[in-house]
Amino acid sequence: MLSANDKINRLIIGKFIGLIFGGIAFWASGFFVPGFSMEFKLGFVLWYVLFGHIVANSINAKEYIEEAYKLHIHWSIPCIIVGGAFSLSLALMMKRVSQGKLHFLISYASGHRLSSPYWLVVDAIFGALVIGFILNIYCKSSKL
């Protein structure tokens, strides 16, 4: 079992990875669609920081379930569930506003092949798996 300090370190690293992803989204949103406002770009950064925190927290919860209930869960399962559920709320909002800028960004970046806002769910699942993989490697290297 990890100590409280290791769990907090995991949360901090998850936020940092989310900040890196948010920085990439900040840059990419301005590169692909120059009309984004600064508030919208900063929203990307904050969303990914929160996303990294929630993925790290789901891995902490997975370890608690393994310890308390003696039930082994692969690290990718909570990442897929949390990544999909967290992004589904954003995709449902974009479905309502189908001509929004974020919808346009996905469509433009894919050469107008991906016109559905539900591709955000797939993107978030992939991002959650990357964050979870990095955190899983960190946790294995920190155990003594």
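Starting afresh in each chain, residues are numbered from 1 along the sequence in its written order. For this predicted model, a pLDDT threshold of at least 70 governs which residues receive local features, and a threshold of 80 or more governs which side-chain atom pairs are given and counted, while totals over whole chains, interfaces and linings are taken from all residues. As a rule here, side-chain values come from all non-hydrogen atoms in the structure, and water together with hydrogens is ignored.

J.: Would you explain helix 2 (residues 38–69) in this entry?
T.: Given 3.6 residues to a turn, an α-helix orients residues that are three or four positions apart in the same direction. Numbering of helices and strands runs from the N terminus; a helix is a DSSP stretch of H or I covering at least four residues, while a strand is a stretch of E covering at least two. Take the number of residues in a helix, subtract one, and multiply by 1.5 Å to get its expected span. Compared with the 46 Å implied by 1.5 Å per residue over 32 residues, the 46 Å span of helix 2 between its first and last C-alpha is a close match. One or two positions beyond helix 2, positive phi appears at K70, with a value near 55°.

J.: Whenever I open this one, the pattern of salt bridges confuses me. Can you help?
T.: As a working rule, side chains carrying opposite charge can pair if their charged atoms are close by. What makes a salt bridge here is a side-chain nitrogen of Lys or Arg within 4 Å of a carboxyl oxygen of Asp or Glu, nothing more. Applying the stated criterion to the full structure yields two salt bridges. A salt bridge links E63 to R10, with the nearest nitrogen and oxygen atoms 2.9 Å apart. Residue E63 is located in helix 2, and its partner R10 is located in helix 1 (residues 4–32); the two are separated by 53 residues in the primary sequence. Here the term buried applies to any residue with accessible area under 20% of the maximum for its type, exposed to any over 50%, and partly exposed to those in between, with areas from a 1.4 Å probe on protein chains only. You can call R10 buried: its relative accessible area is 0%.

J.: I keep staring at the side chain of K62 and nothing clicks. Help me out?
T.: Inspection of the secondary structure assignment puts K62 in helix 2. Given a relative accessible area of 10%, K62 falls into the buried group. Aside from chain neighbours lying at most four places away, what touches K62 is I73, H74, W75 and P78. By definition in these notes, contact holds between two residues if any of their heavy atoms fall within 4.5 Å.

J.: Sorry if this is basic, but what is going on with unusual backbone geometry here?
T.: Note: most residues except glycine have negative phi, and most peptide bonds are trans. Positive phi values are uncommon outside glycine, yet K70 reaches one of about 55°. Relative to the elements of secondary structure, K70 occurs in the loop between helix 2 and helix 3 (76–96). When its relative accessible area of 70% is taken as the criterion, K70 is described as exposed.

J.: Can you help me understand the environment of V45 in this one?
T.: One can find V45 in helix 2. A C-alpha to C-alpha distance of 3.9 Å links V45 and G22, two positions 23 residues apart in sequence. Sequence-distant contacts of V45, defined by excluding residues within four places in its chain, comprise L19, G22, G23 and F26.

J.: Would you mind going over the environment of I81 with me for this structure?
T.: By secondary structure assignment, the location of I81 is in helix 3. On a C-alpha basis, the gap between I81 and V55 in space is 9.5 Å, while along the polypeptide they are 26 residues apart.

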